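A look at the structure
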Amino acid sequence: VYSELDITLSVCAFMAASAGMSIANKMAVNALPLPLMLVGIQCLFTAVLVPIVAWKTVNMGSWSDKLRWFPVSILFVGMLGTSMVALQHCSLGTAVVVRLLSPVLSVAVESTFNRAKFVITPWTIVALATIIGGVALYAVFQSGLSGETIGIVFMVLNMLIGTSERLMQRFLMVENPVNMSDTGFMIYNNSVCFLAMPMLMGIFHEWGSVQAITNVTPVGWTFILWSCLCGASISYVGFRAQRRISATSFLIVANLNKLLVVAFGIIVLGEVYKPLAAIGAFVSLLGGAIYTWDRKMNAKKVQQEQQAPAKKLTEEEEPLIDEEEEV
């Protein structure tokens, strides 16, 4: 049984890391307009911090494991890089709304390549239709989207890479697993990402503007440090919160985080939404909540179906055990 203080602190930590990830990255890239350098700083921070605080759990596996996992790390690099570039060119509200389209892409990919395991329910269709309708409403009525085209393109690219990364990650963690721990994955992914950043900075001409780092204010460095902490801790605090609150409560908190990100953009960054565009954003958030709930309910149903045969077998065996005891 967890104390009230433990539960409260765990939920607050998850909200700070989850909502804070988008907010801190946006503020960090505003302070230092070199998105790939920022990703490199974050990855170096995580690659150094994790072995210090969790060295007992680190298992990096064999060279063969590292070689098999390497494509996932490359996709991880692309996912972080495109996300940061997108935030540089997008408002927080647009980033949240566009990202809500990721379930549509995930369903299309998983239902194509993973038909046997992916189940589409009526609520799945309702959720996806709600998301698409909300995003369409936002796109039609929100002004200034033409100035965010680069960010939206990188956001869509980010979703494509992210979906591929999750599918490959699942294959190598569940179906044909490599012998590496979660902390080992974190260290390896972030090390590869850090080593890749200098080359990517050259490709995207960031080295010519690297002197911008001298113009970062103490407040800017605070946001950069916050983004590093969020990136390093989000997995841990997410698992910690899930163990302490119900699935429904966790779902509410996760969607509240998205509302907090949008609210921060409006209150602090001065982002403006036309009424119908705001309604579209809310509708798409509602669709995302329905989709998450539907996936959780489906996973729960599958788990119950898997446990049913074992329960039935136990019940069938019990009379035999009683008979043996009577003899």
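As shown above, the structure is provided for reference.
Overview of the structure. Worth saying up front: this structure is predicted, and the values here are computed from it rather than measured.

Here we come to unusual backbone geometry. Its identity is not glycine, yet His205 carries a phi of approximately 60°, on the positive side. Note that His205 resides in the loop between α8 (182-203) and α9 (218-244).

On to helix α4 (residues 92-99). Within α4, seven of the eight residues are buried, which leaves it mostly tucked inside the rest of the structure. Taken together, the buried positions of α4 are Leu92, Gly93, Thr94, Ala95, Val96, Val97 and Val98.

Moving on: the nonpolar core. Of all hydrophobic cores here, the largest spans 32 residues; its most connected members are Leu32, Leu38, Trp69, Val77, Cys193, Met197 and Ile224. Broken down by secondary-structure element, the contributors of at least two residues to this core are α1 (4-31), α2 (35-53), α3 (63-89), α7 (149-175), α8 and α9. Counting residues per element, this core draws most heavily on α8, which supplies eight residues. Here Cys193 is in contact with Val39, Cys43, Phe76, Val77 and Leu80, once residues within four sequence places are set aside. Within the second largest apolar cluster, 25 residues are counted, among which are Ile23, Val96, Val97 and Met159.

Counting across every chain of the model gives four aromatic pairs. On the numbers, 5.5 Å between centres and 90° between planes, the contact of Trp123 with Trp293 is edge-to-face. Of this pair, Trp123 sits in helix α6 (residues 122-141) while Trp293 sits in helix α11 (residues 275-326), and the two are 170 residues apart along the sequence. Lying across the ring of Trp63, Lys66 places its NZ or CZ 5.1 Å from the centre.

Reading the values: the criteria
- Residues numbered from 1 in each chain as written.
- Predicted model: local features only at pLDDT ≥ 70, side-chain atom pairs only at ≥ 80, totals over all residues.
- Heavy atoms only, no water.
- Helix = DSSP H or I, 4+ residues; strand = E, 2+ residues; numbered from the N terminus.
- Buried < 20%, exposed > 50% of the residue type's maximum accessible area, 1.4 Å probe, protein only.
- Core = buried A, V, L, I, M, F, W, Y, C linked by side-chain atoms within 4.5 Å.
- Contact = heavy atoms within 4.5 Å.
- Phe/Tyr/Trp six-rings, centres within 6.5 Å; stacked < 30°, edge-to-face > 60°.
- Lys NZ or Arg CZ within 6 Å of the ring centre and 35° of its normal.

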